[in-house]
Amino acid sequence: MPKLTLSARLVAIGLLLGATVAGANEVADTRIVVDTSTLPAITGAAGDANPYRGNSRAADIGRQAFNQACARCHGPDGDNKGQVGPDLLKLDRGCSRIADPAIREMCIVDNDQYFLKSVQDGKTRVGVVHMPAWKDVLPPAAIWTIRSFLESRARPATPVQSR
């Protein structure tokens with residue numbers, strides 16, 4: 001087997017890296033449709049707390065939306081086993097450890113806002129798209145159903161005891 005010259009090796013590495021970066025520069029699938037017409041209309045700003053928290057119908061819709069839009073990177077039904085995206089079932093884990101209910105609620109609302117912004121704007125680092133922006137595909141109501149689905153599946157940590 002012939003040995004590759006340094007320039008041939010660099011070209012091969014460049015092709016591999018280019019393919020990896022191109023694969024990471026994904027775009028949101030515009031064919032995804034999430035029907036939220038059976039849910040209450042959202043009133044107020046979309047950046048507030050999840051308006052569908054605890055709504056089982058919203059969680060069912062969110063499961064379908066998640067499996068269409070998110071499962072490829074975060075695992076089917078959010079079961080993140082070796083997936084490239086983070087485990088979204090752990091998003092509120094830190095909040096669940098807060099003993100004071102008012103502070104815990106503020107933490108969860110902060111996570112709501114982070115989740116909405118992350119899904120809408122996506123995640124890009126050093127020019128590489130790690131998660132596409134979904135704002136032109138998923139309206140806030142659809143994103144909130146996904147958040148409700150993930151909350152319905154999450155396993156909270158044990159709260160810290162107050163001193």
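Not measured: the values here are computed from a predicted model.

(A) How the structure looks around the packing of helix 5 (residues 101-121) against helix 6 (residues 140-153). Between helix 5 and helix 6, the least distance of the axes is 10 Å, while the angle of their chain directions is 125°. When the interaxial angle is binned, helix 5 and helix 6 end up oblique. In the crossing of helix 5 with helix 6, the sense of the turn from one axis to the other is right-handed. Seen from helix 5, the contacting residues are I108, N111, D112, F115, L116, V119 and Q120; seen from helix 6, they are P140, I143, W144, I146, R147, L150 and E151.

(B) Just the state of the cysteines, in detail. Applying the stated rule across the entire model yields 1 disulfide. The side chain of C95 participates in a disulfide bridge whose partner is C107; the two sulfur atoms lie 1.9 Å from each other. Every disulfide takes its handedness from the sign of the S-S torsion; for C95 and C107 that torsion is -75°, giving left-handed. In this pair, C95 is assigned in helix 4 (residues 93-96) and C107 in helix 5, connecting sequence segments 12 residues apart. With relative accessibility at 2%, the residue C95 sits in the buried group. Considering cysteine sulfurs only, C73 is the nearest to C70, which forms no disulfide, with 8.8 Å between them. C70 gets classed as buried once you look at its relative accessible area, which sits at 15%.

Scoring rules and cut-offs
- Residues numbered from 1 in each chain as written.
- Predicted model: local features only at pLDDT ≥ 70, side-chain atom pairs only at ≥ 80, totals over all residues.
- Heavy atoms only, no water.
- Axes fitted to C-alpha atoms, helices over the stretch in contact; angles between N-to-C directions.
- Helix = DSSP H or I, 4+ residues; strand = E, 2+ residues; numbered from the N terminus.
- Parallel < 35°, antiparallel > 145°, perpendicular 65-115°, else oblique.
- Left-handed = near helix turned anticlockwise from the far one by under 90°.
- Contact = heavy atoms within 4.5 Å.
- Disulfide = S-S within 2.5 Å.
- Buried < 20%, exposed > 50% of the residue type's maximum accessible area, 1.4 Å probe, protein only.

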